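The primary structure of each chain is shown beneath.
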Amino acid sequence: MFEVLPQLSPDPILGLSASFREDTNPAKIDLGVGVYKDEQGKTPIMSSVAKAQNILLERETTKTYITPQGHQGFIDGMLKLLLGENSKVMMADRVAAVMAPGGCGSLRILSELLARCGDNLKCWVSDPTWANHIPLIGSAGLEIKTYPYFDKEAAGINFDAMMETLKQTGKGDIVLLHGCCHNPTGADLTNAQWDEILVLAQERGFLPFIDVAYLGFGDGLEEDAYGIRLLAENLPEVIIAASCSKNFGLYRERTGLAAIVTNDSATRKIAQGQIQSVARAIYSMPPSWGGALVDIILADTALKNEWMTEVNEMRNRMSSLRTMLVDKLTENGADKDFSFLNTQKGMFSYLCITPEQVREIRAKHAVYFVDSSRINVAGINQNNVDTLAKALISVL
Ligand code: LMR
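Keep in mind the model is a prediction, meaning the values are calculated, not measured.

A.B. asks: Pulling in residues and values, what's your account of the overall build of the chain?
C.D. replies: Helix and strand content of the chain: 14 helices and 13 strands. Taking 2.2 N^0.38 as the reference for a compact globule, 396 residues should give roughly 21 Å; the C-alpha atoms of the chain span a radius of gyration of 21 Å, in line with that estimate. Its C-alpha atoms put the chain at 60 × 55 × 55 Å along the principal axes. Within the span of the chain, comprising 396 residues, buried residues form 46% of the whole. The long-range fraction of contacts in the chain, counting pairs at least 24 apart against all pairs at least 6 apart in sequence, stands at 76%.

Here you go:
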(Lines give C-alpha, C1' and ligand atoms only; values in the text may rest on other atoms or scores of the structure.)
Protein backbone atom coordinates (compact mmCIF):
# COMPACT_ATOMS: atom_id res chain seq x y z
CA MET A 1 0.00 0.00 0.00
CA PHE A 2 2.41 2.65 1.20
CA GLU A 3 5.07 2.17 -1.49
CA VAL A 4 2.97 4.36 -3.76
CA LEU A 5 3.72 7.33 -1.49
CA PRO A 6 6.71 9.58 -2.17
CA GLN A 7 9.56 9.85 0.33
CA LEU A 8 9.21 13.24 2.00
CA SER A 9 12.02 15.58 2.96
CA PRO A 10 12.33 16.21 6.70
CA ASP A 11 10.15 18.85 8.35
CA PRO A 12 11.96 22.22 8.06
CA ILE A 13 11.88 22.76 11.84
CA LEU A 14 11.57 19.34 13.50
CA GLY A 15 14.02 17.86 10.97
CA LEU A 16 16.64 20.31 12.22
CA SER A 17 16.27 19.01 15.77
CA ALA A 18 16.95 15.49 14.48
CA SER A 19 20.09 16.64 12.61
CA PHE A 20 21.25 18.53 15.71
CA ARG A 21 20.85 15.43 17.90
CA GLU A 22 22.92 13.40 15.43
CA ASP A 23 25.75 15.96 15.24
CA THR A 24 28.71 14.82 17.38
CA ASN A 25 30.45 18.23 17.43
CA PRO A 26 30.67 19.16 21.15
CA ALA A 27 30.51 22.87 20.23
CA LYS A 28 27.21 22.55 18.33
CA ILE A 29 24.60 25.25 18.91
CA ASP A 30 20.85 24.69 18.62
CA LEU A 31 18.87 27.74 17.52
CA GLY A 32 16.25 25.67 15.70
CA VAL A 33 12.92 24.62 17.16
CA GLY A 34 11.12 27.25 19.24
CA VAL A 35 11.68 26.01 22.76
CA TYR A 36 12.73 28.28 25.64
CA LYS A 37 16.13 27.48 27.12
CA ASP A 38 17.89 28.78 30.20
CA GLU A 39 21.55 29.82 30.48
CA GLN A 40 22.52 26.15 30.78
CA GLY A 41 20.66 25.30 27.58
CA LYS A 42 17.98 23.41 29.53
CA THR A 43 14.19 23.70 29.29
CA PRO A 44 13.13 23.14 32.90
CA ILE A 45 9.53 22.75 34.01
CA MET A 46 8.38 26.20 35.14
CA SER A 47 8.15 26.50 38.92
CA SER A 48 4.45 27.50 38.83
CA VAL A 49 3.76 24.50 36.60
CA ALA A 50 5.69 22.13 38.87
CA LYS A 51 3.63 23.33 41.85
CA ALA A 52 0.40 22.92 39.89
CA GLN A 53 1.44 19.36 39.00
CA ASN A 54 1.79 18.50 42.67
CA ILE A 55 -1.67 19.90 43.35
CA LEU A 56 -3.11 18.03 40.39
CA LEU A 57 -1.55 14.73 41.46
CA GLU A 58 -3.47 15.04 44.73
CA ARG A 59 -6.61 16.40 43.15
CA GLU A 60 -7.06 14.09 40.19
CA THR A 61 -8.99 11.07 41.35
CA THR A 62 -10.08 9.57 38.04
CA LYS A 63 -8.96 9.15 34.47
CA THR A 64 -12.47 9.03 33.08
CA TYR A 65 -13.23 11.21 30.06
CA ILE A 66 -13.37 14.96 30.44
CA THR A 67 -16.11 16.93 28.70
CA PRO A 68 -15.90 17.53 24.93
CA GLN A 69 -14.99 21.22 25.39
CA GLY A 70 -12.31 20.44 28.01
CA HIS A 71 -11.87 22.06 31.42
CA GLN A 72 -14.16 25.07 31.69
CA GLY A 73 -11.79 26.74 34.18
CA PHE A 74 -9.01 26.56 31.59
CA ILE A 75 -11.26 28.02 28.91
CA ASP A 76 -12.46 30.89 31.11
CA GLY A 77 -8.96 31.65 32.39
CA MET A 78 -7.43 31.65 28.93
CA LEU A 79 -10.20 33.80 27.49
CA LYS A 80 -9.62 36.38 30.23
CA LEU A 81 -5.90 36.41 29.45
CA LEU A 82 -6.58 36.88 25.76
CA LEU A 83 -9.64 39.10 25.77
CA GLY A 84 -9.21 40.90 29.10
CA GLU A 85 -10.93 40.59 32.48
CA ASN A 86 -13.86 42.77 31.42
CA SER A 87 -14.30 41.57 27.89
CA LYS A 88 -17.58 42.77 26.42
CA VAL A 89 -17.82 39.87 23.99
CA MET A 90 -17.51 37.39 26.84
CA MET A 91 -20.15 39.20 28.86
CA ALA A 92 -22.42 39.20 25.81
CA ASP A 93 -22.08 35.38 25.56
CA ARG A 94 -20.54 35.69 22.09
CA VAL A 95 -17.47 33.45 22.53
CA ALA A 96 -17.43 29.74 21.75
CA ALA A 97 -14.28 27.93 22.85
CA VAL A 98 -12.72 24.54 23.40
CA MET A 99 -9.48 23.20 24.78
CA ALA A 100 -7.42 21.81 21.92
CA PRO A 101 -4.27 19.70 21.56
CA GLY A 102 -1.76 22.57 21.39
CA GLY A 103 -1.66 25.53 19.06
CA CYS A 104 -1.52 23.13 16.11
CA GLY A 105 -4.69 21.38 17.26
CA SER A 106 -6.45 24.73 17.63
CA LEU A 107 -5.34 25.94 14.21
CA ARG A 108 -6.47 22.71 12.64
CA ILE A 109 -9.91 22.44 14.19
CA LEU A 110 -10.62 26.11 13.51
CA SER A 111 -9.60 25.59 9.88
CA GLU A 112 -11.87 22.53 9.66
CA LEU A 113 -14.69 24.62 11.11
CA LEU A 114 -14.07 27.34 8.52
CA ALA A 115 -14.08 24.72 5.77
CA ARG A 116 -17.59 23.75 6.91
CA CYS A 117 -18.72 27.35 6.35
CA GLY A 118 -18.28 27.45 2.59
CA ASP A 119 -16.54 26.11 -0.49
CA ASN A 120 -13.24 27.49 -1.77
CA LEU A 121 -12.63 29.79 1.16
CA LYS A 122 -9.32 31.64 0.99
CA CYS A 123 -6.99 32.10 3.92
CA TRP A 124 -4.39 34.84 3.55
CA VAL A 125 -1.15 34.22 5.43
CA SER A 126 1.84 36.49 5.88
CA ASP A 127 4.90 36.03 3.67
CA PRO A 128 6.75 34.54 5.45
CA THR A 129 4.75 32.66 8.03
CA TRP A 130 5.38 29.73 10.37
CA ALA A 131 6.22 26.71 8.21
CA ASN A 132 3.40 24.61 9.65
CA HIS A 133 0.61 27.13 9.04
CA ILE A 134 0.26 26.17 5.42
CA PRO A 135 -0.12 22.38 5.94
CA LEU A 136 -2.36 22.86 8.98
CA ILE A 137 -4.74 25.26 7.29
CA GLY A 138 -4.36 24.04 3.72
CA SER A 139 -5.05 20.39 4.59
CA ALA A 140 -8.41 21.42 6.00
CA GLY A 141 -9.35 22.51 2.48
CA LEU A 142 -8.80 26.27 2.62
CA GLU A 143 -7.02 27.87 -0.29
CA ILE A 144 -3.80 29.56 0.88
CA LYS A 145 -2.97 33.04 -0.42
CA THR A 146 -0.13 35.18 0.84
CA TYR A 147 0.18 38.85 1.70
CA PRO A 148 3.58 40.60 1.83
CA TYR A 149 4.79 41.09 5.38
CA PHE A 150 8.51 41.20 5.91
CA ASP A 151 11.08 42.93 3.72
CA LYS A 152 14.42 41.15 4.21
CA GLU A 153 16.36 43.99 2.59
CA ALA A 154 14.92 46.60 4.92
CA ALA A 155 14.80 44.10 7.83
CA GLY A 156 11.31 45.27 8.75
CA ILE A 157 7.61 44.99 8.00
CA ASN A 158 6.41 46.22 4.64
CA PHE A 159 3.11 47.46 6.02
CA ASP A 160 2.06 49.41 2.94
CA ALA A 161 2.41 46.34 0.71
CA MET A 162 0.57 44.24 3.29
CA MET A 163 -2.36 46.65 3.39
CA GLU A 164 -2.44 47.05 -0.39
CA THR A 165 -2.80 43.29 -0.79
CA LEU A 166 -5.37 42.94 1.98
CA LYS A 167 -7.49 45.55 0.17
CA GLN A 168 -8.16 42.79 -2.36
CA THR A 169 -9.94 40.69 0.25
CA GLY A 170 -13.66 40.60 0.82
CA LYS A 171 -16.36 39.01 2.92
CA GLY A 172 -15.67 35.30 3.22
CA ASP A 173 -11.91 35.75 3.13
CA ILE A 174 -9.89 34.81 6.16
CA VAL A 175 -6.72 36.68 7.16
CA LEU A 176 -4.27 34.92 9.46
CA LEU A 177 -2.51 37.36 11.78
CA HIS A 178 0.13 36.62 14.41
CA GLY A 179 -1.17 38.05 17.70
CA CYS A 180 2.36 38.95 18.80
CA CYS A 181 5.98 37.80 18.38
CA HIS A 182 5.64 37.00 14.70
CA ASN A 183 7.01 33.56 13.82
CA PRO A 184 9.44 33.45 12.04
CA THR A 185 10.52 37.10 11.81
CA GLY A 186 10.02 38.57 15.30
CA ALA A 187 8.75 41.72 13.52
CA ASP A 188 5.49 42.81 15.12
CA LEU A 189 2.74 45.18 14.11
CA THR A 190 2.59 48.37 16.16
CA ASN A 191 -0.63 49.28 17.95
CA ALA A 192 -1.24 51.97 15.32
CA GLN A 193 -0.90 49.33 12.59
CA TRP A 194 -3.38 47.06 14.39
CA ASP A 195 -5.75 50.06 14.43
CA GLU A 196 -5.42 50.33 10.65
CA ILE A 197 -6.04 46.60 10.23
CA LEU A 198 -9.24 46.95 12.25
CA VAL A 199 -10.47 49.71 9.91
CA LEU A 200 -9.59 47.61 6.86
CA ALA A 201 -11.35 44.54 8.31
CA GLN A 202 -14.44 46.70 8.93
CA GLU A 203 -14.31 48.02 5.36
CA ARG A 204 -13.53 44.76 3.57
CA GLY A 205 -15.38 42.35 5.86
CA PHE A 206 -12.62 39.75 6.07
CA LEU A 207 -12.45 37.43 9.07
CA PRO A 208 -9.29 37.74 11.20
CA PHE A 209 -7.83 34.42 12.32
CA ILE A 210 -5.36 35.25 15.08
CA ASP A 211 -2.65 32.79 16.02
CA VAL A 212 -1.14 33.60 19.39
CA ALA A 213 1.57 31.27 20.62
CA TYR A 214 3.88 33.67 22.46
CA LEU A 215 1.64 35.87 24.61
CA GLY A 216 3.86 37.61 27.17
CA PHE A 217 7.10 37.16 25.24
CA GLY A 218 6.84 40.45 23.31
CA ASP A 219 6.17 43.45 25.57
CA GLY A 220 4.13 41.80 28.34
CA LEU A 221 1.00 39.72 28.87
CA GLU A 222 -1.36 42.70 28.69
CA GLU A 223 0.56 44.64 26.02
CA ASP A 224 0.79 41.63 23.69
CA ALA A 225 -2.99 41.22 23.71
CA TYR A 226 -3.61 44.65 22.14
CA GLY A 227 -4.37 43.43 18.61
CA ILE A 228 -6.45 40.46 19.75
CA ARG A 229 -8.61 42.58 22.06
CA LEU A 230 -8.99 45.39 19.54
CA LEU A 231 -10.27 43.11 16.80
CA ALA A 232 -12.32 40.87 19.09
CA GLU A 233 -14.13 43.79 20.71
CA ASN A 234 -14.77 45.75 17.50
CA LEU A 235 -15.58 43.18 14.85
CA PRO A 236 -18.58 40.88 14.61
CA GLU A 237 -16.44 37.77 14.21
CA VAL A 238 -12.84 36.82 15.00
CA ILE A 239 -11.23 33.45 15.58
CA ILE A 240 -8.28 32.80 17.86
CA ALA A 241 -5.87 29.87 18.16
CA ALA A 242 -3.82 30.10 21.35
CA SER A 243 -0.98 27.89 22.51
CA CYS A 244 0.25 27.21 26.05
CA SER A 245 3.40 25.48 24.79
CA LYS A 246 5.76 28.40 25.25
CA ASN A 247 4.39 30.74 27.91
CA PHE A 248 3.44 27.84 30.21
CA GLY A 249 6.29 25.65 28.91
CA LEU A 250 3.78 22.85 28.29
CA TYR A 251 5.15 21.81 24.90
CA ARG A 252 4.67 18.05 25.20
CA GLU A 253 1.33 18.31 26.98
CA ARG A 254 -0.28 19.70 23.81
CA THR A 255 -2.36 22.42 25.42
CA GLY A 256 -4.15 25.10 23.48
CA LEU A 257 -7.40 26.99 23.08
CA ALA A 258 -9.58 27.44 20.01
CA ALA A 259 -11.95 30.39 20.39
CA ILE A 260 -14.58 31.80 18.08
CA VAL A 261 -16.00 35.26 18.66
CA THR A 262 -19.42 35.22 17.04
CA ASN A 263 -21.97 37.80 16.07
CA ASP A 264 -24.44 36.95 18.82
CA SER A 265 -25.26 34.45 21.51
CA ALA A 266 -27.39 32.26 19.22
CA THR A 267 -24.50 31.90 16.76
CA ARG A 268 -22.16 31.16 19.66
CA LYS A 269 -24.24 28.08 20.47
CA ILE A 270 -24.02 26.92 16.84
CA ALA A 271 -20.26 27.49 16.74
CA GLN A 272 -19.79 25.69 20.07
CA GLY A 273 -21.59 22.59 18.82
CA GLN A 274 -19.80 22.67 15.47
CA ILE A 275 -16.27 23.05 16.86
CA GLN A 276 -16.94 20.18 19.28
CA SER A 277 -18.19 18.02 16.43
CA VAL A 278 -15.07 18.87 14.38
CA ALA A 279 -12.89 17.76 17.29
CA ARG A 280 -15.01 14.63 17.91
CA ALA A 281 -14.45 13.58 14.31
CA ILE A 282 -10.66 13.93 14.61
CA TYR A 283 -9.55 13.11 18.16
CA SER A 284 -12.81 13.10 20.15
CA MET A 285 -11.70 15.29 23.03
CA PRO A 286 -8.57 17.11 24.17
CA PRO A 287 -5.92 15.68 26.51
CA SER A 288 -6.59 16.73 30.10
CA TRP A 289 -3.30 17.24 31.96
CA GLY A 290 -1.93 20.48 30.50
CA GLY A 291 -5.26 22.27 30.56
CA ALA A 292 -5.86 21.17 34.15
CA LEU A 293 -2.49 22.68 35.13
CA VAL A 294 -3.25 26.00 33.44
CA ASP A 295 -6.66 25.99 35.13
CA ILE A 296 -5.00 25.54 38.56
CA ILE A 297 -2.44 28.29 37.89
CA LEU A 298 -4.86 30.88 36.58
CA ALA A 299 -7.38 30.24 39.37
CA ASP A 300 -4.85 30.70 42.20
CA THR A 301 -3.64 34.27 42.77
CA ALA A 302 -0.26 33.29 44.21
CA LEU A 303 0.45 30.73 41.49
CA LYS A 304 -0.72 33.11 38.78
CA ASN A 305 1.60 35.82 40.09
CA GLU A 306 4.47 33.36 40.15
CA TRP A 307 3.70 32.30 36.58
CA MET A 308 3.54 35.94 35.41
CA THR A 309 6.91 36.60 37.03
CA GLU A 310 8.36 33.60 35.21
CA VAL A 311 6.95 34.80 31.88
CA ASN A 312 8.46 38.25 32.52
CA GLU A 313 11.82 36.68 33.31
CA MET A 314 11.80 34.67 30.10
CA ARG A 315 10.87 37.77 28.08
CA ASN A 316 13.54 39.93 29.67
CA ARG A 317 16.17 37.26 29.24
CA MET A 318 15.38 36.83 25.53
CA SER A 319 15.52 40.57 25.04
CA SER A 320 18.93 40.78 26.74
CA LEU A 321 20.20 37.90 24.57
CA ARG A 322 19.36 39.89 21.45
CA THR A 323 21.38 42.82 22.76
CA MET A 324 24.23 40.49 23.71
CA LEU A 325 24.36 39.04 20.18
CA VAL A 326 24.20 42.45 18.51
CA ASP A 327 27.00 43.72 20.78
CA LYS A 328 29.14 40.64 20.07
CA LEU A 329 28.67 41.07 16.34
CA THR A 330 29.76 44.71 16.53
CA GLU A 331 32.67 43.83 18.82
CA ASN A 332 33.86 41.20 16.33
CA GLY A 333 33.69 43.69 13.47
CA ALA A 334 30.60 42.56 11.56
CA ASP A 335 30.20 44.38 8.24
CA LYS A 336 26.44 44.28 8.49
CA ASP A 337 24.36 46.31 10.94
CA PHE A 338 22.38 43.82 13.03
CA SER A 339 20.81 46.38 15.35
CA PHE A 340 17.41 45.51 13.84
CA LEU A 341 17.52 42.35 16.02
CA ASN A 342 16.93 44.57 19.04
CA THR A 343 13.64 45.79 17.64
CA GLN A 344 12.32 42.28 16.96
CA LYS A 345 10.27 40.58 19.64
CA GLY A 346 9.67 37.22 21.22
CA MET A 347 11.45 33.97 20.69
CA PHE A 348 12.48 34.41 17.07
CA SER A 349 14.55 36.73 14.94
CA TYR A 350 15.34 36.78 11.29
CA LEU A 351 19.06 37.28 10.66
CA CYS A 352 18.24 38.36 7.10
CA ILE A 353 20.96 36.24 5.51
CA THR A 354 20.53 33.83 2.61
CA PRO A 355 19.67 30.10 2.91
CA GLU A 356 23.12 29.37 1.43
CA GLN A 357 24.76 31.33 4.23
CA VAL A 358 22.60 29.52 6.80
CA ARG A 359 23.62 26.13 5.43
CA GLU A 360 27.28 27.17 5.36
CA ILE A 361 27.15 28.11 9.05
CA ARG A 362 25.51 24.77 9.82
CA ALA A 363 28.07 22.77 7.85
CA LYS A 364 31.17 24.62 9.05
CA HIS A 365 30.27 25.67 12.58
CA ALA A 366 27.49 23.28 13.66
CA VAL A 367 25.13 26.16 14.37
CA TYR A 368 21.59 24.94 13.63
CA PHE A 369 18.78 27.26 12.61
CA VAL A 370 16.08 27.34 9.97
CA ASP A 371 17.09 28.00 6.34
CA SER A 372 14.95 31.14 6.28
CA SER A 373 17.56 32.58 8.74
CA ARG A 374 15.15 32.34 11.70
CA ILE A 375 16.97 31.82 14.98
CA ASN A 376 15.52 30.79 18.33
CA VAL A 377 16.92 33.64 20.41
CA ALA A 378 16.48 31.61 23.62
CA GLY A 379 19.18 29.21 22.41
CA ILE A 380 21.85 31.92 22.77
CA ASN A 381 23.82 32.02 26.03
CA GLN A 382 27.04 33.54 27.43
CA ASN A 383 29.00 30.42 26.46
CA ASN A 384 27.98 30.22 22.83
CA VAL A 385 27.42 33.86 21.81
CA ASP A 386 31.02 34.45 20.79
CA THR A 387 31.16 31.32 18.60
CA LEU A 388 27.80 32.27 17.12
CA ALA A 389 28.85 35.83 16.30
CA LYS A 390 32.12 34.69 14.70
CA ALA A 391 30.35 31.96 12.71
CA LEU A 392 27.87 34.50 11.44
CA ILE A 393 30.55 37.01 10.48
CA SER A 394 32.48 34.29 8.65
CA VAL A 395 29.68 33.88 6.08
CA LEU A 396 28.79 37.53 5.55
C1 LMR B 1 8.60 26.54 16.13
O2 LMR B 1 8.14 27.34 15.33
O3 LMR B 1 9.79 26.22 16.17
C4 LMR B 1 7.67 25.93 17.16
O5 LMR B 1 6.41 26.48 17.04
C6 LMR B 1 7.68 24.46 17.15
C7 LMR B 1 7.05 23.85 15.94
O8 LMR B 1 6.17 23.01 16.12
O9 LMR B 1 7.42 24.17 14.81
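A.B. asks: Residue-level account of the packing of helix α3 (residues 72-83) against helix α11 (residues 289-299), with values.
C.D. replies: Here α3 crosses α11 at 60°, and the two axes come no closer than 8 Å. Taken as axis vectors, α3 and α11 run oblique relative to one another. The handedness of the crossing between α3 and α11 comes out as left-handed. Contacts between α3 and α11 involve Gly73, Phe74, Gly77 and Met78 from the former and Gly291, Val294, Asp295, Leu298 and Ala299 from the latter. Tallied by class, residues from the contact of α3 with α11 come to 5 nonpolar, 3 polar and 1 charged.

A.B. asks: Could you give an account of the domain arrangement of the chain, naming the residues involved and the relevant values?
C.D. replies: Looking at the assigned domains, one finds that the chain contains domain 1 (10-44 + 312-394) and domain 2 (50-299). For the side of domain 1 that touches domain 2, the secondary structure elements donating two or more residues are α12 (301-331) and β11 (348-350). Broken down by class, the residue content of the side of domain 1 that touches domain 2 amounts to 12 nonpolar, 6 polar and 3 charged.

A.B. asks: Lay out the packing of α11 against α12 in plain terms, naming residues and giving numbers.
C.D. replies: Running from N to C, α11 and α12 point in directions that differ by 105°, and their axes come no closer than 5 Å. The pairing of α11 with α12 is recorded here as roughly perpendicular in orientation. Residues Ile296, Ile297 and Leu298 of α11 form the contact with α12, whose participating residues are Leu303, Lys304 and Trp307. Considering only residue class, the contact of α11 with α12 consists of 5 nonpolar, no polar and 1 charged.

A.B. asks: So what about the environment of asparagine 312? Which residues, and what values?
C.D. replies: In this structure, asparagine 312 sits in helix α12. Sequence separation between asparagine 312 and methionine 46 is 266 residues, and the spatial gap between their C-alpha atoms is 12 Å.

A.B. asks: For the UniProt feature "domain: Aminotransferase class I/classII large" (unreviewed entry) in the chain, give the residues involved together with the corresponding values.
C.D. replies: Listed under "domain: Aminotransferase class I/classII large" (unreviewed entry) in the UniProt record, and renumbered for this structure, are residues 28-392. Secondary structure over residues 28-392 splits into 44% helix and 15% strand, and the C-alpha atoms at its two ends are 14 Å apart.

Thresholds applied
- Residues numbered from 1 in each chain as written.
- Predicted model: local features only at pLDDT ≥ 70, side-chain atom pairs only at ≥ 80, totals over all residues.
- Helix = DSSP H or I, 4+ residues; strand = E, 2+ residues; numbered from the N terminus.
- Rg over C-alpha atoms; globule rule 2.2 N^0.38 Å.
- Buried ≥ 20, exposed ≤ 12 C-beta atoms within 10 Å, placed from the backbone.
- Contact = placed C-beta atoms within 7 Å.
- Axes fitted to C-alpha atoms, helices over the stretch in contact; angles between N-to-C directions.
- Parallel < 35°, antiparallel > 145°, perpendicular 65-115°, else oblique.
- Left-handed = near helix turned anticlockwise from the far one by under 90°.
- Nonpolar A, V, L, I, M, F, W, Y, C, P; charged D, E, K, R; others polar.
- Domains from an automatic or database assignment.
- UniProt positions renumbered as here; feature names shortened; annotations may be inferred.

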